[in-house]
Amino acid sequence: MDTSTRNQALTIKPITTALGAEIAGIDLSGPLAPETVKALRQALLDHLVIFFRDQDLNAEQYLAFAHAIGEPMEYPFTKGLPDASLITPVIKEADEEVNFGGVWHSDTAYLEEPPMATMLLARETPPYGGDTLFVSMTAAYDGLSSGMQRYLDGLVAVHDFSHGFKESLAEPGGRERLADAVAANPPVRHPVVQTHPETGKKVLFVNALFTTHIEGLPPLESAEVLQFLWRHASLPEFTCRFNWAPNSMVLWDNRSTQHKPVNDFFPATRRLHRVVSEGDQPY
């Protein structure tokens, strides 16, 4: 196998003004030149989510690319592939009518240090449907009034694993099955508005899957503020949409985006392989 690095001529095509760009002119199956990696990381910071097509990667190649972007980490309480534990399958079988994580969310926001980035590689996709939506939480923050921005600045929200997995915990035997995960992931506190550690931009950091409440506010006020922020953040002008095909790959900045898988392809199967990269504590 040729192990020489390649500084490839990238083509970056923005999808929307808020976020998203499709990257062409690159083969991720082999080592990349430092200049190419730097360009990809900059594209990620500029566009928040970047899309690749026709990347037929085996597990070793996939992880090599992940290592070039960041430091891969074990996904909490989820088993990876037998020969590659850092790659976790994300599968919706044909007989499953509900897809997990079918609301706007950022990955594992219930951790003290949520992932810096997530990447998904499509192995099997439905004949139609099954898109994933992405939203820029930077654009969502910028779209707030200055008064609301001042109100939110300094507030702290609580994120809870148990809240995100409440349906699984309610299943027969679910609490016993997830007991170790619940014990290992107590509620954590994150700022409602965080500062992106690389760009310095302000980002809304609350999501409907894991955020339970805002500290220091009466319960009704907290609920109303969160509901407003979630409605605001899902405005179409802050979003983009990706249509999957086999060997498509998506890489997104988990610190400044949220995503939502669209559940419109029953009965069909979708198999994706996920890798997440280590992040920092939001501030």
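Residues numbered from 1 in each chain as written. Predicted model: local features only at pLDDT ≥ 70, side-chain atom pairs only at ≥ 80, totals over all residues. Heavy atoms only, no water.

### Overview of the pairing of strand E3 (residues 49–52)
Side-chain direction in a regular strand flips from residue to residue, so the side chains alternate between the two faces of the sheet. Going residue by residue along E3, you find Val49 and Phe51 tucked away on one face and Ile50 and Phe52 tucked away on the opposite face as well. Strand direction decides the pairing type here: strand E2 (residues 21–24) and E3, joined by three bridges, are parallel. Across the sheet, alanine 21 pairs through a bridge with isoleucine 50, a residue of E3. Tracing the backbone out of E2, into helix H1 (residues 34–47) and back to the parallel element E3 gives a crossover that is right-handed. Across four bridges, E3 lies against strand E14 (residues 249–253) in antiparallel orientation. From the neighbouring strand, phenylalanine 51 faces E14, where its bridge partner is valine 250. (Buried < 20%, exposed > 50% of the residue type's maximum accessible area, 1.4 Å probe, protein only. Helix = DSSP H or I, 4+ residues; strand = E, 2+ residues; numbered from the N terminus. Pairing = 2+ DSSP bridges. Right-handed = clockwise from strand over helix to strand, strands pointing away.)

### Looking at the packing of aromatic side chains
To describe a pair of aromatic rings, one takes the distance between the centres and the angle between the planes. Within this structure, the stated rule accounts for 11 aromatic pairs. Aromatic pair phenylalanine 51 and phenylalanine 242: ring centres 4.5 Å apart, planes at 5°, arrangement stacked. Linking phenylalanine 51 in strand E3 with phenylalanine 242 in strand E13 (residues 239–242), this pair joins segments that are 191 residues apart in sequence. With respect to burial, phenylalanine 51 and phenylalanine 242 carry one shared label: buried. A centroid spacing of 4.4 Å and a plane angle of 20° characterise the contact between phenylalanine 161 and phenylalanine 165, whose relative ring orientation is stacked. What makes phenylalanine 165 buried here is its relative accessible area of 8%. (Phe/Tyr/Trp six-rings, centres within 6.5 Å; stacked < 30°, edge-to-face > 60°.)

### Here's the deal with helix H9 (residues 219–233)
Its 15 residues place the ends of H9 21 Å apart at the C-alpha level, agreeing with the 21 Å of an ideal helix rising 1.5 Å per residue. Residues of H9 that are buried: Ser222, Val225, Leu226, Leu229, Trp230, His232 and Ala233. Taken down its axis, H9 places every buried residue within 165° of arc, on the same side. At its buried positions, H9 is contacted by strand E7 (132–136), helix H3 (137–142), helix H4 (146–152), strand E11 (202–204) and strand E12 (211–214). (Expected span 1.5 Å × (residues − 1). Arc of directions from axis to C-beta. Contact = heavy atoms within 4.5 Å.)

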